[in-house]
Amino acid sequence: MKRNVVILMMVLLAGISSKTIAQTEKQPNVILITLDGLRWQELFSGADPLLVANKKYVGDTTGLKAKFWRDTPEERRTVLMPFFWNKVQKMGQLHGNRNAGSKVDLTNKMWFSYPGYNEILTGEADDERINSNRKENNPNKTILERVNNLPAYKGKVAAFGSWDVFPFIVNEARSGVPVNAGFKIAEGNDLTEREIFLNQLQSEIPSPWGSVRLDAFTQHYALEYMKRKHPKLVFISYGETDDFAHDGDYDSYLKSAQNTDGLIEELWKFTQQDPFYKDNTTFIITTDHGRGTDPLDTWRGHGSSINGAGSVWVVAFGKGVSALGEITKEEQLYTNQIAPTVIKNLGVTLEGPSFKGKPLSLDKK
């Protein structure tokens, strides 16, 4: 009799578990993306007239102008980031063109990477504790960790980044969220042939930087994992734009921005042909900080001493996002609104503290 009761309970629990998994799979997915240190100026106006022909920052000014210079800001931004301006503008929203009155700002006062990513991923600045880029585990819980702690979402969250500090920002050790970042390779017993090849290739192609890998590796590690595991919440951070800017290499900065635009288009196309993600995925894209403009050389840097480095932008499209295009009205948004927006669009309820910022009304007509 007892054995029959146990078997019955196991069958019932299995049924409940299967139903929960099925319901979770029907819930929306969110892909949160960052382009490290990409200025709003280039996103909304394309190549900077003060930089594109400046021999201090460009090796081949004639070639760079031929590739990226056009007469109007609208033409320049389209040639720089064609997916954003030919496709995303028609199906989503682009916030942060300060010339048109749309402002997006950080709430942290540090204006560099770790504080920026902490704010994006937790929904709150923490200038007292997050005030360096040191490889120290984040004391704050990111939305990646909080979602991964939900029973129905356990193992359905993943992070990918070009910068090797992300395992600490996400606090991989505590959160249990897998973080493939820096020069880390894909791990597991069920790797695809492509992942095995990427692992080999990454060790054979040197990066120009000691702490940041080339974005192509971040892209393809993320794509292969998404094909194999179908996570519900994915965080992807591209890093080249920031490092080329720090190098004072405006040529590579622009080319990297254009390349990343293409990588995001590739992700979007993948989600459009994969039944798990098709018509059920929201893309939210932003940056961790801005850069300077005046004096001109401050375009290379950021931080609290750089005027304008707290000015950022937000782009969104996909499930639950109204097609409003470029926002050209007066508005003030903040980076601490991104985390609650991700949670709102994911359609989950989190345990623990609420967010300080309000979610963005991306579905507003």
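What you see is a predicted model; the values in this text were computed from it and never measured.

Undergrad: Where do I start with the layout of surface pockets in this structure?
TA: Sizing a probe to match a water molecule and rolling it over the atoms shows the empty space that remains. Counted as a void, the largest pocket has a volume near 300 Å³. The wall of the largest pocket is formed by 14 residues, among which His 95, Lys 329, Glu 331, Ser 361 and Lys 364 lie closest to the centre. Among the elements of the structure, β2 (92-95) and β11 (331-334) are those that each provide at least two residues to the lining of the largest pocket. Within the lining of the largest pocket, the residues separate by chemical class into 6 nonpolar, 4 polar and 4 charged.

Undergrad: What is the right way to look at the pairing of β11 in this model?
TA: Every other side chain in a regular strand lies on the same face of the sheet, so the side chains alternate between the two faces. Residues Glu 331 and Leu 333 line the buried face of β11, whereas the alternating positions Gln 332 and Tyr 334 sit on a face that is not buried. Sheet analysis places strand β3 (residues 102-105) next to β11, joined by 4 bridges and oriented parallel. Bridged to Lys 103 within β11 is Gln 332.

Undergrad: How should I be thinking about the pairing of strand β6 (residues 233-238) in this particular structure?
TA: Burial analysis of β6 places 6 of its 6 residues in the buried class, which makes it a mostly covered element. Sheet analysis places strand β1 (residues 29-35) next to β6, joined by 6 bridges and oriented parallel. Bridging from a neighbouring strand, Leu 35 pairs with Tyr 238 of β6. As judged from the 5 bridges shared by strand β4 (residues 157-161) and β6, these two strands associate in the parallel manner. From the neighbouring strand, Ala 158 faces β6, where its bridge partner is Val 234.

Undergrad: Explain the packing of helix α10 (residues 193-204) against helix α11 (residues 215-229) here, please?
TA: Relative to each other, α10 and α11 sit at 160°, their axes nearing to 10 Å. In terms of orientation, α10 and α11 fall into the roughly antiparallel class. Between α10 and α11 the crossing geometry is left-handed. Across the interface between the two elements, Arg 194, Glu 195, Leu 198, Asn 199, Leu 201 and Gln 202 of α10 pack against Phe 217, His 220, Tyr 221, Glu 224, Tyr 225 and Arg 228 of α11. In terms of residue class, the contact of α10 with α11 is made up of 5 nonpolar, 3 polar and 4 charged.

Undergrad: Explain the packing of helix α4 (residues 73-80) against helix α5 (residues 82-91) here, please?
TA: Any two packed helices are characterised by how steeply their axes cross, that is the angle between the axes, and by the distance between the axes. Following both chains from N to C, one finds α4 and α5 inclined at 105°, their axes separated by 4 Å at the closest point. What the angle tells us is that α4 and α5 run roughly perpendicular. Together, Arg 77, Thr 78, Val 79 and Leu 80 of α4 and Pro 82, Trp 85, Asn 86 and Gln 89 of α5 make up the contact between the two elements. Residue classes in the contact of α4 with α5 are distributed as 4 nonpolar, 3 polar and 1 charged.

Undergrad: Just to check I follow, could you spell out the nonpolar core for this structure?
TA: Within soluble globular proteins, side chains that are nonpolar tend to cluster in buried spots. Ile 33, Phe 84 and Tyr 250 are the most contacted members of the largest nonpolar core, which totals 98 residues. For this core, the leading source of residues is helix α13 (residues 250-273), giving 9 residues. The residues contacting Tyr 250, other than those within four sequence positions of it, are Arg 39, Glu 42, Gly 46, Ala 47, Asp 48, Leu 51, Val 52, Tyr 57, Val 58, Leu 64 and Trp 299.

Undergrad: I keep staring at the side chain of Glu 195 and nothing clicks. Help me out?
TA: In this fold, Glu 195 is placed in helix α10. In this view, Glu 195 contacts Ala 186, Tyr 221, Glu 224, Tyr 225 and Arg 228; residues no more than four positions away in its chain are not counted.

Undergrad: Please clarify how the pattern of salt bridges should be interpreted in this entry.
TA: Opposite charge on two side chains permits them to pair, given that their charged atoms come into close proximity. Per the stated rule, a full pass over the model turns up 23 salt bridges. The shortest N-O distance in the salt bridge between Asp 190 and Arg 228 comes to 2.8 Å. On the criterion of sequence distance, the pair formed by Asp 190 in the loop between β5 (179-181) and α10 and Arg 228 in helix α11 is long-range, its members being 38 residues apart. Residue Asp 190 is classed as partly exposed on the basis of its relative accessible area, which comes to 39%. The network of salt bridges with common partners includes Asp 190, Glu 195, Arg 228 and Lys 229.

Undergrad: It is not clear to me how the environment of Ala 125 should be interpreted in this structure. Could you clarify?
TA: Secondary-structure assignment places Ala 125 in the loop between α6 (113-122) and α7 (143-148). Distance in space between the C-alpha atoms of Ala 125 and Asn 336 is 7.3 Å, their sequence separation being 211 residues.

Undergrad: What exactly am I supposed to notice about the sheet that holds β4 here?
TA: Each strand in a sheet pairs with its neighbour through backbone hydrogen bonds, running either in the same direction (parallel) or in the opposite one (antiparallel). Spatially, 8 strands are ordered β5-β4-β6-β1-β7-β9-β2-β10 in an open sheet, and the strand pairing comes out mixed. This sheet does not close on itself; its edge strands, each paired only once, are β5 and β10 (325-326). Each of β2, β7 (281-286), β9 (314-318) and β10 is contacted by α5, which is oriented at about 115° to β2, the strand it contacts most.

Undergrad: Before we go on, may I ask you to explain the sheet that holds β11 in this structure?
TA: With mixed pairing, the 3 strands of this open sheet are ordered in space as β8-β3-β11. Because the sheet does not close on itself, it has two edges, and the strands there are β8 (311-312) and β11. In this structure, β3 lies alongside β8, joined through 2 bridges in antiparallel fashion. Bridge assignment links Asp 105 to a residue of β8, and that residue is Ser 311.

About the cut-offs
- Residues numbered from 1 in each chain as written.
- Predicted model: local features only at pLDDT ≥ 70, side-chain atom pairs only at ≥ 80, totals over all residues.
- Heavy atoms only, no water.
- 1 Å grid on protein atoms, 1.4 Å probe; cavity = no way out; pocket = protein on both sides within 12 Å on 5 of 7 lines; lining within 4 Å.
- Points joined across faces, edges and corners; volume = space filled by probe spheres on them.
- Helix = DSSP H or I, 4+ residues; strand = E, 2+ residues; numbered from the N terminus.
- Nonpolar A, V, L, I, M, F, W, Y, C, P; charged D, E, K, R; others polar.
- Buried < 20%, exposed > 50% of the residue type's maximum accessible area, 1.4 Å probe, protein only.
- Pairing = 2+ DSSP bridges.
- Axes fitted to C-alpha atoms, helices over the stretch in contact; angles between N-to-C directions.
- Parallel < 35°, antiparallel > 145°, perpendicular 65-115°, else oblique.
- Left-handed = near helix turned anticlockwise from the far one by under 90°.
- Contact = heavy atoms within 4.5 Å.
- Core = buried A, V, L, I, M, F, W, Y, C linked by side-chain atoms within 4.5 Å.
- Salt bridge = Lys/Arg side-chain N within 4 Å of Asp/Glu carboxyl O.

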